Protein chains: 4
Amino acid sequence: MAEKSLSPADFNHKFTVNVRFHEVDMLGVCYNAVYINFFETARLEYIKAAGLMPAKGIFSDGNIFFIVRNEINYRGYAYHDDILDVYSKISYIKNSSFGYDHLIVNQKSGKVIVDGKVVIVHVDLKSRKSKRLPESFIEKIKAFEPFVKILRE
Amino acid sequence: MAEKSLSPADFNHKFTVNVRFHEVDMLGVCYNAVYINFFETARLEYIKAAGLMPAKGIFSDGNIFFIVRNEINYRGYAYHDDILDVYSKISYIKNSSFGYDHLIVNQKSGKVIVDGKVVIVHVDLKSRKSKRLPESFIEKIKAFEPFVKILRE
Amino acid sequence: MAEKSLSPADFNHKFTVNVRFHEVDMLGVCYNAVYINFFETARLEYIKAAGLMPAKGIFSDGNIFFIVRNEINYRGYAYHDDILDVYSKISYIKNSSFGYDHLIVNQKSGKVIVDGKVVIVHVDLKSRKSKRLPESFIEKIKAFEPFVKILRE
Amino acid sequence: MAEKSLSPADFNHKFTVNVRFHEVDMLGVCYNAVYINFFETARLEYIKAAGLMPAKGIFSDGNIFFIVRNEINYRGYAYHDDILDVYSKISYIKNSSFGYDHLIVNQKSGKVIVDGKVVIVHVDLKSRKSKRLPESFIEKIKAFEPFVKILRE
């Protein structure tokens, strides 16, 4: 069964960006890899909103995260100076990894431009191997995102 | 059934890049969106190798292409100045769209760094709607990639 | 005689950016070329504020502009998520070209991070040769920037 | 007195790049900040050619370098897939800083696309303050670049 498409109403977090000149390609549209940057910038705002950004900035508490999968569907075009709302949520948490859903909508037209799914793994600073997520992380996400699926053993 | 992982032996086309300084992030590894650029640069070399690049450069013959889906799995890290072999192939062709498989391997260690799948659609220059791929395109790809799946109606 | 350093008080226009994750390099600081993007994004906001952005977006009225010179001095470091105020002004206008001054200041510390000068030329859409700036452009800049030097023949 | 323009014959080091798709802007030309990346990539090849790259990669020997000034003149356009020769040389060395000259030439037409000057400072790893360049650095540059000006006290 096909998964239900997400809409802005399914999200608690929104971050807004303008498409900058250098982000537009020779076809006059926002270049495909740029949305990956938008997702990432939005996730860091999400982490702040959820109370999870360390006081001295990302990674400063020794918790390192790497992306293990990016998946993005392009459903419309964005142009220079378009205002885009980037919606993000953590939809599930496993032992050492968790998954985000993203949706980017043109603020003026309401049209969906892209959707995406990103998987992130918590990694040990030295070994760069995956490492169980701390309980405090799960608690903060549950408070911020009541419908998150906890898939831990 | 899980899909079989691809290896370099499954590809006819290889394009080599060095990880540049500005492509490395604050964790000291090649930034995740950069691989999307590597895929794209490799595909344009692939198109040239298959005899499909118009004489006056990309899009100059009125055939416009947009990416509709990017999918990428990160399986290792790449560092500044690493030499990476980017393998590409068109694995199927539909009416107006076609799909690529990519694999990026560290040339020195032989380790797979990322794999990915990209879907591209042929678009009408004016309407920006999808448009049936010309037969000449299919013929050239079949000559270059004998095992490509033709899924046309 | 050395030119006097500019300070925020010398500017009428400010545009604020956050340093994004992908803009930070492996030394942990904002990558040097990124400031060129900040200058450019700030200039487009400046052009809007001065009433010079065409209704259908940049270049849509046939006035094309190219950069002929970028000059940038790095006087401090910026880090991930720093809030930077980008100050911009057109300081002189010649026959077909004009010059910007830029200053980027860390909003929290008040420290100057970079300063820069950019020269831009108005270009004919077809020939890509320089083309005299229209009077309407000069009038709007003079209204927005009363101390601009007019160096026209 | 105006400085004499440099030509390819004035350089001992050349590094070749292709303009990639994502490096082209909506006017169809290589985006102005991209040349800063080309300069940087070329300088790292230069450092290798001069025998100055540490065995374990840039910065791995504790010698850290930051850019203090970028200066670039745009004298022509480059388009997607153009092959560009990036010429680099260290033209002078001071106590803790040194200066590069760069020239980028379209390989096919021989036309100069940009020229630039970059100033780099040697920095102490911990304090991030400028630090006298080691004699071994000067000796290697002198061997590679016999006409380098030594402006040390």
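Since the structure is predicted, the reported quantities are computational estimates derived from the model, not experimental observations.

## Considering the interface of chain B and chain C
Right, on to step 1. Taken together, the contact pairs eight residues of chain B with eight residues of chain C.
Right, on to step 2. A buried area of about 830 Å², summed over both sides, lies between chain B and chain C, and 80% of it is on carbon and sulfur atoms.
Right, on to step 3. The three residues of chain B that bury the most area against chain C are Phe-21, Met-26 and Tyr-31 of chain B, which together make up 62% of that side's buried surface.
Right, on to step 4. The interface formed by chain B and chain C holds zero salt bridges in total.
Right, on to step 5. If you look at where chain B meets chain C, you find zero residue pairs in polar contact (both at pLDDT 80 or more).
Right, on to step 6. Classifying every residue of the side of chain B that touches chain C by side-chain character gives four nonpolar, three polar and one charged.

## Examining empty space enclosed by the protein
Right, on to step 1. Summed over the entire model, instances satisfying the criterion amount to two cavities of 30 Å³ or more.
Right, on to step 2. In this structure, the largest cavity occupies an estimated 680 Å³ of space.
Right, on to step 3. Looking at the lining of the largest cavity, the elements with two or more residues in it are helix H1 (34-49) of chain A, helix H1 (34-49) of chain B, helix H1 (34-49) of chain C together with helix H1 (34-49) of chain D.
Right, on to step 4. Tallied by class, the residues present in the lining of the largest cavity amount to 17 nonpolar, eight polar and seven charged.
Right, on to step 5. Of the voids in this model, the second largest cavity is the one considered here, and its volume is about 50 Å³.
Right, on to step 6. If you go around the second largest cavity, the residues you meet are Asn-18, Val-19, Arg-20, Phe-21, His-80 and Asp-81 of chain A together with Thr-41, Leu-44 and Glu-45 of chain C.
Right, on to step 7. Residue contributions to the lining of the second largest cavity peak at three residues, all from H1 of chain C.

## Thoughts on the state of the cysteines
Right, on to step 1. Applying the stated criterion across every chain yields a total of zero disulfides over all chains.
Right, on to step 2. Not part of a disulfide, Cys-30 of chain B finds its nearest cysteine sulfur in Cys-30 of chain C, a span of 18 Å.

## Things to note about the confidence of the model for chain A
Right, on to step 1. Averaged over chain A, the pLDDT score is 95; the fraction of residues at 70 or greater is 98%.
Right, on to step 2. Interface predicted TM-score (ipTM) for the complex: 0.94; the corresponding pTM is 0.96.

## Digging into unusual backbone geometry
Right, on to step 1. The backbone phi angle of Arg-128 of chain A is positive, close to 60 degrees, even though this residue is not glycine.
Right, on to step 2. Note that Arg-128 of chain A resides in the loop between strand S5 (112-123) and helix H2 (135-144).
Right, on to step 3. Take Arg-128 of chain A: its relative accessible area is 27%, and that puts it in the partly exposed class.
Right, on to step 4. One non-glycine residue, Phe-59 of chain B, adopts positive backbone phi at about 75 degrees.
Right, on to step 5. Position of Phe-59 of chain B relative to the elements: it lies in the loop between H1 and strand S2 (64-74).
Right, on to step 6. We classify Phe-59 of chain B as buried; its relative accessible area is 14%.

So, how was this worked out
- Residues numbered from 1 in each chain as written.
- Chains lettered and ligands numbered in written order.
- Predicted model: local features only at pLDDT ≥ 70, side-chain atom pairs only at ≥ 80, totals over all residues.
- Heavy atoms only, no water.
- Contact = heavy atoms within 4.5 Å.
- Buried area = accessible area lost by both parts, 1.4 Å probe.
- Salt bridge = Lys/Arg side-chain N within 4 Å of Asp/Glu carboxyl O.
- Polar contact = N/O pair within 3.5 Å; in protein donor to acceptor, adjacent residues only side chain to side chain.
- Nonpolar A, V, L, I, M, F, W, Y, C, P; charged D, E, K, R; others polar.
- 1 Å grid on protein atoms, 1.4 Å probe; cavity = no way out; pocket = protein on both sides within 12 Å on 5 of 7 lines; lining within 4 Å.
- Points joined across faces, edges and corners; volume = space filled by probe spheres on them.
- Helix = DSSP H or I, 4+ residues; strand = E, 2+ residues; numbered from the N terminus.
- Disulfide = S-S within 2.5 Å.
- pLDDT = per-residue confidence, 0-100.
- Buried < 20%, exposed > 50% of the residue type's maximum accessible area, 1.4 Å probe, protein only.

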